[in-house]
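Commentary on secondary and tertiary structure
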Amino acid sequence: MIVAEQKPIDEIKKMVAPYQKLLILGCGTCVKTCFAGGEDEVAVLASALRLSFKKDGKKIEIEEKTIERQCENEFIQEAASCVARNQAVLSLGCGAGVQDIARQFAKVPVLPGLNTTFIGVQERPGLFTEECVGCGNCELALYGGICPITRCSKKLLNGPCGGSQNGICEVDPSVECAWQLIIDRLKTLGQLDNIRAYIPPKDWRSSNSGGPRKLVREDHII
Amino acid sequence: MKTSPSNLQKTLENGKFAVTAECGPPRGANVKVVRQKAELLKGVVDAVNVTDNQTAIVRMSSIAASAHLVQMGLEPVMQMVVRDRNRIALQSDILGAWSLGIKNILCLSGDHQTFGSQPDAMNVFDIDSMNLLRMVKNMRDNGKDMSGFELNEAPQMFIGAAANPFADPFEYRVIRLAKKIEAGADFIQTQCIYNMKRFKEWIRLSREEGLTEKVYILAGVTPLKSAGMAKFMNNRVAGMDVPEDVIKRMEGVPKEKAVAEGLKICLETIAELREIKGISGVHIMAIEWEEKVAEIVKAAGLQK
């Protein structure tokens, strides 16, 4: 999923301060799963903002709405009437959601209520970890299903640097050394030979380095 | 144009025990600092490593400081990390370095920027140190850049890599050494050795794989100044292993004798290293203590 976290309330207040009628728009997919932008979070944020602005003596009307996905026009249109009666939209979607909402509603300011952090998983309750940088050319088969580009602090492709100790990355004691994990797993799988050979430099053209990416699916073009 | 090989290469090829030291460029543009450090090392060692923004702190570039050393008649080992430059910049800098008379390169990943004074910087890591080794080797042996373009003059670098026998996983350290040799390393400089037992085990395994026949290994040493330094290095410096008995030994002497004890340990280490089959030299990393190098070299009987 796309993992995100809510921005600090003070930052949100500053963004929405110019408006008297605000729509807080939640997203019911990834950011709901990571407790950042689903229906519940929309309700909590709306209450917090109402209370806070009331204390400040500022009048603001806040409407709440959550759609299934902010990255799909079919769902976005369900919010069209709500958007129309407000001065601005505070989106609790990921960066893609915010931009897709903005794309569909040209005349309404769309503000980000979340910081989009990474593509990841909930490793255990309350702990989300980054697993993929979307490099566009997956080589997980080689590395036993553990991505060194995402999970090694130095994106090393040819084994651990000199800072790996007791399975821990030198950069942060709370981070596991991806290479220790890769080696352990390849040993278990009997595939350590995968990483004995030299691995050439990565072609980053398929990543964001090649510029904003597009995917054309001819079979889906109507 | 055929240029003569580096002194370091000649020394090693002639089977002489090589000695290298380190010169950290200044945090500023003052060339005097480089020259003062270089003076302390001139005629003392075979080559001098010039660090590349070590610990991710901005310093005079390793290329510029290396070029100053060349002007003074010293031979630099230019360190180059992949943290700050993509492949385009790396290749360009290697061509430039060669044009300035720099003949040795040490290919490194580099300390992560979060350790330095500007943790807010973006890192690069376009390629890794293994890829860098292969790149320099291809430039040298095939005369081509990474795109396959034929260079009008190929940099004939003597290529070095680092090895840390004290990092984990231990069993992979020998595989990694093999990979570095295969990628292009002519010589290896190791992390500072305090844990002799583990170092000997790493060398033994490397010997068994035939690796010590394929590469010159320069064993790293750093003289300790105090018990505090020993503990700091063990606990706070990434990839360092200072065993308890070494720390105890430093703690066991009065403060005013700590420096002498540190030197003694360093000399004992060098003496022991010279007896190990497969060790071709020592790399003395006297951090911001360049004046001690000549003393260590002399006391170890390694004068040039």
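In case you missed it, the structure is sitting above this.
Residues numbered from 1 in each chain as written. Chains lettered and ligands numbered in written order. Predicted model: local features only at pLDDT ≥ 70, side-chain atom pairs only at ≥ 80, totals over all residues. Heavy atoms only, no water.

**Digging into the overall build of chain B**
Basically, it comes down to this: A run of H or I in DSSP counts as a helix once it spans at least four residues, and a run of E counts as a strand once it spans at least two, with each numbered from the N terminus. For a compact globule the rule gives 2.2 Å times the number of residues to the power 0.38, and the radius of gyration it is set against comes from C-alpha atoms. Partly exposed describes any residue whose relative accessible area lies between the buried limit of under 20% and the exposed limit of over 50%, with all areas from a 1.4 Å probe on protein chains only and scaled to the type maximum. The contact criterion used is simple: two residues touch if any of their non-hydrogen atoms lie within 4.5 Å. Under the convention used here, a 1.4 Å probe and the Shrake-Rupley method define accessible areas, while residue burial counts only the protein chains that appear. Under the counting rule used here, the positive set is Lys and Arg, the negative set is Asp and Glu, and His together with the chain ends is not counted. For this purpose, a charge sits on NZ of Lys, CZ of Arg, CG of Asp or CD of Glu.
The helix and strand inventory of chain B stands at 11 helices and 8 strands. Taking 304 residues into account, the globule formula puts the C-alpha radius of gyration at 19 Å, and chain B, at 19 Å, falls close to it. Viewed in the frame of its principal axes, chain B has a C-alpha envelope of about 60 × 45 × 40 Å. Per-residue burial for chain B yields a buried fraction of 59% across its 304 residues. Partitioning the contacts of chain B with sequence separation of at least 6, the portion at a separation of at least 24 is 79%. Split by element, the accessible area of chain B, about 12,800 Å² in all, is 50% carbon and sulfur. The centroid of the 40 positive side-chain charges in chain B is displaced by 3 Å from the centroid of its 37 negative side-chain charges.

**So, unusual backbone geometry**
Of note, the bond from D168 of chain B into P169 of chain B is cis; its omega dihedral lies within 30 degrees of zero at -15 degrees. Positionally, P169 of chain B belongs in the loop between β5 (158-163) and α6 (170-183). Backbone geometry places F35 of chain A, a non-glycine residue, at a positive phi of 55 degrees. Among the secondary structure elements, F35 of chain A is positioned in the loop between α2 (30-33) and α3 (39-56). Positive phi, normally seen in glycine, also occurs at N53 of chain B, with a value near 45 degrees. By the element assignment, N53 of chain B lies in the loop between β2 (47-50) and α3 (62-71). Take N53 of chain B: its relative accessible area is 15%, and that puts it in the buried class.

**Topic: the environment of F125 of chain B**
Summarising the element assignment, F125 of chain B is placed in the loop between β4 (104-108) and α5 (129-142). Sequence separation of F125 of chain B and M233 of chain B is 108 residues, and the distance between their C-alpha atoms is 26 Å. Discounting residues that sit within four places of it in the chain, F125 of chain B has contacts with S153, K154, K155 and W204 of chain A together with V82, R83, S109, G110 and H112 of chain B.

**Some points on the interface of chain B and chain A**
How we decide: Simply put, the buried area is the total loss of 1.4 Å probe accessible area from both parts when two parts are fitted together. Salt bridge, as used here, is a side-chain nitrogen of Lys or Arg placed within 4 Å of a carboxyl oxygen of Asp or Glu. Any pair of nitrogen or oxygen atoms within 3.5 Å is treated as a polar contact; in protein, a donor-acceptor pairing is required on top of that, and neighbouring residues in sequence qualify only through side-chain atoms on both sides.
With 32 residues of chain B in contact, the opposing surface of chain A contributes 29 residues. Contact between chain B and chain A buries roughly 2,500 Å² in total, counting both sides, with carbon and sulfur atoms accounting for 50%. Considering only the side of chain B, the residues that lose the most area to chain A are D168, Y172 and K179 of chain B, jointly responsible for 21% of the buried surface there. For K187 of chain A, the salt bridge identified is with E171 of chain B, shortest N-O distance 2.5 Å. Counting across the chain B and chain A interface gives 24 residue pairs in polar contact (both at pLDDT 80 or more).

**Notes on the sheet that holds β4 of chain B**
All names here are of chain B. As a reminder, the rule being used: When DSSP finds two or more bridges between a pair of strands, those strands are recorded as paired. Fitting a line to C-alpha atoms yields each axis, with helices limited to the stretch in contact; the angle taken between N-to-C directions then spans 0 to 180 degrees.
An order of β1-β2-β3-β4-β5-β6-β7-β8 is seen for the 8 strands of this closed barrel, with the pairing classed as parallel. Between one strand axis and the next, the sheet turns by 25 degrees as a mean value, whatever way the strands run. Across 3 bridges, the pairing between β2 and strand β3 (residues 76-81) is parallel. When the sheet's bridge partners are listed, V50 is paired in β3 with M78.

**Concerning the sheet that holds strand β2 (residues 21-27) of chain A**
All names here are of chain A. Spatial strand order, β3-β2-β4-β5: 4 strands in an open sheet with parallel pairing. The open sheet has two free edges, formed respectively by β3 (61-67) and β5 (110-112), since each of these has just one partner strand. Each adjacent strand pair in this sheet contributes to an overall mean axis angle of 25 degrees, direction not counted. In this structure, β2 lies alongside strand β4 (residues 88-91), joined through 4 bridges in parallel fashion. Within β4, the residue paired with L23 across the bridge is V89. The strands that α3 touches are β2, β3 and β4; relative to β3, the one it contacts most, it runs at about 170 degrees.

**Quick notes on the packing of aromatic side chains**
We describe a pair of aromatic rings using the distance from one ring centre to the other and the angle between the two ring planes. Note the following rule: Between rings of Phe, Tyr and Trp, where Trp is taken as its six-membered ring, a pair exists when centres lie within 6.5 Å; planes separated by under 30 degrees are stacked, by over 60 edge-to-face, and by other angles tilted.
For the structure on display, the rule yields 4 aromatic pairs over all chains. Both rings, one in Y143 of chain A and one in W179 of chain A, keep their centres 5.7 Å apart while their planes meet at 90 degrees; by these two values the pair is edge-to-face. With Y143 of chain A in the loop between β7 (127-132) and α7 (148-151) and W179 of chain A in helix α8 (residues 178-189), this pair connects stretches of sequence that are 36 residues apart. Seen from their ring centres, F158 of chain B and F187 of chain B are 5.0 Å apart, and the 25 degrees between their planes marks the pair as stacked. Residue F158 of chain B is located in strand β5, and its partner F187 of chain B is located in strand β6 (residues 187-192); the two are separated by 29 residues in the primary sequence.

**Considering helix α4 (residues 87-99) of chain B**
Residues and elements named next belong to chain B. Where we set the bar: To estimate the expected span of a helix, count its residues, drop one, and scale the result by 1.5 Å. Starting at the helix axis, one direction is taken to each C-beta atom, and the arc is that of these directions.
Over its 13 residues, α4 extends 18 Å from the first C-alpha to the last, a length consistent with the 18 Å expected when each residue adds 1.5 Å. Considered for burial, the residues of α4 that qualify are L90, Q91, I94, A97 and W98. Down the axis of α4, the buried side of the element spans an arc of 125 degrees, and every buried residue falls inside it. Within α4, the exposed residues directed more than 90 degrees away from the buried face are I88 and S99. Next to the buried residues of α4 lie α3, β3, β4 and α5. Between a side-chain oxygen at the N-terminus of α4 and the backbone nitrogen of I88 the separation is 3.1 Å; the capping residue is N86. Once α4 finishes, G101 follows within two positions and takes phi at roughly 90 degrees, a positive value.

**Notes on the environment of K32 of chain B**
On the secondary structure map, K32 of chain B appears in helix α2 (residues 31-41). In this structure, the C-alpha to C-alpha distance between K32 of chain B and H68 of chain B, residues 36 residues apart in sequence, is 9.9 Å.

**Concerning the packing of α4 of chain B against α5 of chain B**
Residues and elements named next belong to chain B. The following threshold applies: Should an angle fall under 35 degrees it is called roughly parallel, over 145 degrees roughly antiparallel, and 65 to 115 degrees roughly perpendicular, with every other angle called oblique. Left-handed describes a crossing whose near helix is turned anticlockwise from the far helix through less than a right angle; right-handed describes the clockwise counterpart. Three classes are used, and their members are as follows: Ala, Val, Leu, Ile, Met, Phe, Trp, Tyr, Cys and Pro are nonpolar, Asp, Glu, Lys and Arg are charged, and the others, Gly among them, are polar.
Where α4 meets α5, the axes come as close as 11 Å, and the angle between the chain directions of the two elements is 45 degrees. What the angle tells us is that α4 and α5 run oblique. Judged by the sense of rotation from one axis to the other, the crossing of α4 with α5 is right-handed. Contact with α4, carried on its side by R87, L90, Q91, I94 and L95, involves L132, M135, V136 and M139 of α5 and no other residues of that element. Across the contact of α4 with α5, the residue classes tally to 7 nonpolar, 1 polar and 1 charged.

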